[in-house]
Amino acid sequence: MEDGDIMEKSVVAAVFTRPQRVLEDYRRVMELAGYREYLDPEQDLILKLNLSWTKYFPACSTQPWQLEGVVKTLTEDGFIPDRLFPVENKTVVTNPRLGAVNNCWLPILEKYGLDFIPLPEVEWVRHDFKAPLLVLNKIFPEGIEIPKMYKGRSVLHLPTLKTHGHSITTGAIKNAFGGLLKEARHYAHKYMHETLVDLLLMQRELHPQTFAVMDGTVAGDGAGPRTMVPKVANILLAGADPVALDAVAARVMGFDPLSIPYLRMATEMGLGTADPDRIRVVGDDIGNVNLGFRSKRSFVIWGDQMLRKGPLRFLERIALHSPLMVWAPLASNIYHDWLWYPTIGRARIRNFQQTDWGSLFEWYRGW
């Protein structure tokens, strides 16, 4: 293989890690991915956290050691805290401020002199995108609103390695879903794969650079993004091509990346590459890693898809696009928070607490 062929490939860094050295390994994976080639310490940088549940559940949301590892590396390398903006949005079933407490983000941000910014509390403005979006202009014909602070700032995504009932896998690309779309983004569930491609088009217009650092210390199998089976994987991934990063994550989980619609469409449109032959993985050898994950649908996602795309779709407008929609978040909270979490979820958390990562989380919770 010639050097020219190597240079044309998207680079994804992979590092095996352990709790005892995870902060140092976050520096290593970021450096291997060449993050300083993409992110400028003299420019503002959005840190887009991932909150899939207000409660803490392993592999569900940005891990505290993930946040500290990234922020520690940035600040030691000359990124000024006043120019770093950690953000997260709400959904109809999540509360970013409470989620920041439950996931142990706030003490870390305070340690490094950063303020958490809930996106519902910032100004949102309409933005007319020049790119011909696949579905979002049709889903939101009144216009797409984005956080005003996003314009002209680079973004660093902090996703986790996990499956998803709507999109099969989720990672660097879908992490933008919670930042670039308002609370009604659940309307896009019907066209999830096209929406994820639209997010790539939108980010190209808004951000000078994008980068992502994915935590796979504890990965999520099954009915993601919440009701999963946490499995210790001890892997960190990073890269500037979110399509390539998500493709490597998909292969680690056991999926063929090009069989996943949003990754295949993004590759065909030249928004990145999910083709393994066009990706160069640097760092540790993860070629034989196959976690054997299977994407499943939770009861709530199954019901959502029955209404949007299944035999109950004749009820979609009245059930999900009218004032009666209040039943949906209530049903989700009852199922997730009141039924699943205290029973099945609690048992899975107890198993997680017996691991070294569970001990590390308890240490962060004791701050």
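What you see is a predicted model, and the numbers here were worked out from it, not measured in a lab.

Draft legend 1. Region of the structure containing the packing of aromatic side chains. Under the criterion given, the structure shown has 15 aromatic pairs. Stacked on the ring of Tyr-341, the Lys or Arg Lys-55 has its end atom at 5.1 Å from the ring centre. Between the NZ or CZ atom of Arg-153 and the centre of the ring of Phe-85, over which it lies, the distance is 4.4 Å.

Draft legend 2. Representation of the pattern of salt bridges within the structure. One pass over the full model with this rule turns up 17 salt bridges. The partner of Lys-111 in a salt bridge is Glu-68, and the shortest N-O contact between them spans 2.8 Å. Taken together, the positions of Lys-111 in helix α5 (residues 106–111) and Glu-68 in helix α3 (residues 64–76) put the pair 43 residues apart, joining distant regions of the chain. On the basis of relative accessibility, which here comes to 2%, the residue Glu-68 falls in the buried class. Overlapping salt bridges, with partners in common, bring together Arg-27, Glu-31, Lys-72, Glu-76 and Asp-77 in one network.

Draft legend 3. Focus on the environment of Ala-14. Among the secondary structure elements, Ala-14 is positioned in strand β1 (residues 10–16). Spatially, the C-alpha atoms of Ala-14 and Val-281 are 6.7 Å apart, while their sequence positions differ by 267 residues. The residues contacting Ala-14, other than those within four sequence positions of it, are Val-29, Leu-236, Leu-237, Val-281, Val-282, Gly-283, Asp-284 and Ile-286.

Draft legend 4. How the structure looks around the nonpolar core. By size, the foremost hydrophobic cluster in this structure holds 62 residues, and its most contacted members are Leu-136, Ile-144, Met-202 and Leu-237. Examining the composition of this core, we find that nine residues originate from one element, helix α9 (residues 242–253), more than from any other. Residues in contact with Ile-144, not counting those within four places in the same chain, are Val-125, Arg-126, His-127, Phe-129, Leu-133, Leu-136, Asn-137, Leu-180, Leu-181 and Met-202. Leu-49, Phe-57, Cys-60 and Val-70 belong to the second largest nonpolar core, which has 52 residues in total.

Draft legend 5. Structural view of the layout of surface pockets. If you add up the space inside the second largest pocket, you get close to 560 Å³. Lining the second largest pocket are 29 residues, with Tyr-38, Thr-210, Ala-240, Asp-241 and Pro-242 sitting closest to its centre. Listing elements by their share of the lining of the second largest pocket, those giving two or more residues are α1 (3–8), β1, α8 (192–206) and β10 (210–223).

Draft legend 6. The arrangement of unusual backbone geometry in detail. In this model, Gly-224 is joined to Pro-225 through a cis peptide bond whose omega is 15°. When you line up the elements, Pro-225 lands in the loop between β10 and β11 (227–239). A positive phi angle is found at Ile-168, which is not glycine, with a value near 75°. Note that Ile-168 resides in strand β9 (residues 168–170). Positioned with a positive phi, Asn-234 is a non-glycine residue whose angle comes to about 60°.

Calculation criteria
Residues numbered from 1 in each chain as written. Predicted model: local features only at pLDDT ≥ 70, side-chain atom pairs only at ≥ 80, totals over all residues. Heavy atoms only, no water. Phe/Tyr/Trp six-rings, centres within 6.5 Å; stacked < 30°, edge-to-face > 60°. Lys NZ or Arg CZ within 6 Å of the ring centre and 35° of its normal. Salt bridge = Lys/Arg side-chain N within 4 Å of Asp/Glu carboxyl O. Helix = DSSP H or I, 4+ residues; strand = E, 2+ residues; numbered from the N terminus. Buried < 20%, exposed > 50% of the residue type's maximum accessible area, 1.4 Å probe, protein only. Contact = heavy atoms within 4.5 Å. Core = buried A, V, L, I, M, F, W, Y, C linked by side-chain atoms within 4.5 Å. 1 Å grid on protein atoms, 1.4 Å probe; cavity = no way out; pocket = protein on both sides within 12 Å on 5 of 7 lines; lining within 4 Å. Points joined across faces, edges and corners; volume = space filled by probe spheres on them.

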